[in-house]
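In case you want the letters, here they are:
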Amino acid sequence: MSQQAHHPHQAAEPETPNLDFAGTTPYEDYVKADVLTHLQRTLSDDPGEMVFLVTTQVMELWFTVIVHEWETAAHALRSDDVPTALSALKRSVRELEALNASWKPLGQLTPAQFNAYRGALGEGSGFQSAMYRRLEFLLGEKSASMLVPHQGVPRVHAELEKALHEPSLYDEALRLLARRGHPIPDSVLHRDLSARYEPSDAVEAAWTAVYTGDGSDELARLGEALTDVAELVWRWRNDHLVATRRAMGAKPGTGGSAGVAWLEKRARKNVFPELWTARSHV
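Residues numbered from 1 in each chain as written. Predicted model: local features only at pLDDT ≥ 70, side-chain atom pairs only at ≥ 80, totals over all residues. Heavy atoms only, no water.

## As for the packing of helix H8 (residues 169-179) against helix H10 (residues 201-212)
Item 1. Two numbers describe how H8 lies on H10: the axes approach to 11 Å, and their chain directions differ by 65°. In terms of orientation, H8 and H10 fall into the roughly perpendicular class. Like other packed secondary-structure pairs, H8 and H10 cross with a definite hand, here left-handed. Taking contact as the criterion, the partners of Tyr-170, Leu-174 and Leu-177 in H8 are, on H10, Val-203, Ala-206 and Trp-207. (Axes fitted to C-alpha atoms, helices over the stretch in contact; angles between N-to-C directions. Helix = DSSP H or I, 4+ residues; strand = E, 2+ residues; numbered from the N terminus. Parallel < 35°, antiparallel > 145°, perpendicular 65-115°, else oblique. Left-handed = near helix turned anticlockwise from the far one by under 90°. Contact = heavy atoms within 4.5 Å.)

## Re unusual backbone geometry
Item 1. Positive phi values are uncommon outside glycine, yet Lys-32 reaches one of about 60°.
Item 2. If you check the backbone angles, Asp-80 has positive phi at about 60° while not being a glycine.
Item 3. Along the chain, Asp-80 falls in the loop between helix H3 (48-78) and helix H4 (82-101).
Item 4. Classification of Asp-80 as partly exposed rests on a relative accessible area of 38%. (Buried < 20%, exposed > 50% of the residue type's maximum accessible area, 1.4 Å probe, protein only.)

## Considerations on the packing of H3 against helix H6 (residues 130-138)
Item 1. It is at 9 Å that the axes of H3 and H6 come closest, and there the two elements cross at 30°. Here H3 is positioned roughly parallel relative to H6, judged by the angle of their axes. In this structure, the crossing between H3 and H6 has a hand that is left-handed. Every residue of H6 that contacts H3 at Glu-60, Phe-63, Thr-64, Ile-66, Val-67, Trp-70 and Glu-71 is listed here: Met-131, Tyr-132, Arg-134, Leu-135 and Leu-138.
Item 2. Considering only residue class, the contact of H3 with H6 consists of eight nonpolar, one polar and three charged. (Nonpolar A, V, L, I, M, F, W, Y, C, P; charged D, E, K, R; others polar.)

## Brief notes about the pattern of salt bridges
Item 1. Using the criterion set out here, one finds 15 salt bridges in the structure.
Item 2. A salt bridge links Glu-159 to Arg-155; the shortest N-O distance between them is 3.2 Å. Note that Glu-159 and Arg-155 are positioned in helix H7 (residues 154-164) at a spacing of four residues, about one turn of the helix.
Item 3. We classify Glu-159 as partly exposed; its relative accessible area is 32%.
Item 4. Under the relative-accessibility criterion, Arg-155 is labelled exposed at 55%.
Item 5. Residue Glu-218 is joined to Arg-180 by a salt bridge in which the shortest nitrogen-to-oxygen separation is 3.3 Å. (Salt bridge = Lys/Arg side-chain N within 4 Å of Asp/Glu carboxyl O.)

In structure tokens, the structure reads:
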């Protein structure tokens, strides 16, 4: 018997990956990890500040992705491409879940822990986030006054001003309903897009008709996808409220806002309101 017969066949060793690159790695060229991991500049000696800073930066990245998804969905709705809009909205639901989970590292801060580095924030506040403001504008939460904090940065101000005057994601959904034969009033279809969206009885009736019909219809599935988004935005606002209340009680916010009182007011507002009230009539 040959010597080979005494030794069972062994699997070949996996090939060694390419480790030698002339410059940066292709991974670094694509992800820019070195840039991302060197953006952190803490302003206090408290070790907890790094968690706060990185978590906030992660939130900004999720805002960017979600804005991209909702702009994709809005553009698709404008073109009557509901499947593409639904795909973008469904992706954004997973992204909103990840965004909301970002509160976990901060959700149990005690006042003493937050106060250890709160002074380093100065007047800095999430209220001043330009990307979050674009996210709110896409939800129909429009306000020209929200551009004021960004007037010192022309590029950011111009992007927000453009977003202020464009149809929101919900505006595009309502325009689609009108094109599909639902009686959406002109006062809704041709409203001042720079103003906050206000609920309409006629829009409520239109969504009621959608939900009374075939549940597998494109419009019904669109309504549910938008409701998924609205629910997670509501959860985001409530998680923000609870984390803030736990860390600082009823004290004013770092940016001069009313803090918890302002967040409580935000948490009471429904996104895409008629999608919620219509359910009472089905």
